[in-house]
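Notes for the structure review
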Amino acid sequence: MPIEKLNPLHYMGPAEYTGFWQKLFATILYGFWGRCFFVALVVSAFWVGVRQRNPTLAAICLLLAAIVAYGGGMMNLARSFTG
């Protein structure tokens, strides 16, 4: 696989690429409650995985933390592209 295929500037302009990343980072973990839920779920995953030795429940907590962290941002990003 040539390295040129991995370069995103090959497919889009520099302004579009920069705008994409700025929009993405502006929408991830937006707001107090998103951060609060994310931290609570990560701490819960650590507690359940280490102290209670339940890796399945810890993985579920981490999955929910990822959904909280990236779900809202991805929905806002998709809305900005469609509308």
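Treat the numbers as computed from the prediction; the structure is a model and nothing was measured. (Residues numbered from 1 in each chain as written. Predicted model: local features only at pLDDT ≥ 70, side-chain atom pairs only at ≥ 80, totals over all residues. Heavy atoms only, no water.)

Attention now moves to the overall build of the protein chain. In terms of helices and strands, the protein chain carries three helices and zero strands. For the protein chain, the sequential pattern of α-helices and β-strands runs α-α-α. Looking at the protein chain residue by residue over its 83 residues, the buried ones come to 16%. Here the protein chain has roughly 6600 Å² of accessible surface; of this, 70% comes from carbon and sulfur atoms. (Helix = DSSP H or I, 4+ residues; strand = E, 2+ residues; numbered from the N terminus. Buried < 20%, exposed > 50% of the residue type's maximum accessible area, 1.4 Å probe, protein only. Areas by Shrake-Rupley, 256 points an atom, 1.4 Å probe, with all protein chains shown as cover.)

With that settled, consider a nonpolar patch on the surface. Taken together, L57, I60, L63, L64 and I67 make up a surface patch of nonpolar side chains, about 440 Å² in accessible area. The residue I60 is located in helix α3 (residues 55-82) in this model. (Patch = residues over 30% accessible without salt bridge, like charges linked within 9 Å, V, L, I, M, F, W, Y side chains within 5 Å. Salt bridge = Lys/Arg side-chain N within 4 Å of Asp/Glu carboxyl O.)

Backbone geometry at R53 places phi at a positive 55°, although glycine is not the residue there. Within the secondary structure, R53 is located in the loop between α2 (32-50) and α3.

Below, the discussion takes up the confidence of the model for the protein chain. The predicted model of the protein chain has a mean per-residue pLDDT of 83, with 89% of residues at 70 or higher. Of all secondary-structure elements in the protein chain, the lowest mean pLDDT belongs to helix α1 (residues 14-27), at 80, while α2 reaches the highest, 87. (pLDDT = per-residue confidence, 0-100.)

The next thing to look at is α3. Taking 1.5 Å of rise per residue, the 28 residues of α3 would be expected to cover 40 Å, and the 39 Å separating its terminal C-alpha atoms lies within 8% of that figure. Helix geometry: α3 is bent most strongly at Y70, by close to 35°. Turning to α3, its buried residues number three or more, namely A58, C61, A65, A69, G73 and L77. (Expected span 1.5 Å × (residues − 1). Bend = angle between axes of the 7 residues up to and from the residue.)

Time to look at the UniProt feature "transmembrane region" (unreviewed entry) in the protein chain. Listed under "transmembrane region" (unreviewed entry) in the UniProt record, and renumbered for this structure, are residues 20-50 and 57-78. End C-alpha to end C-alpha, residues 57-78 measures 30 Å, and it is 100% helix and 0% strand. (UniProt positions renumbered as here; feature names shortened; annotations may be inferred.)

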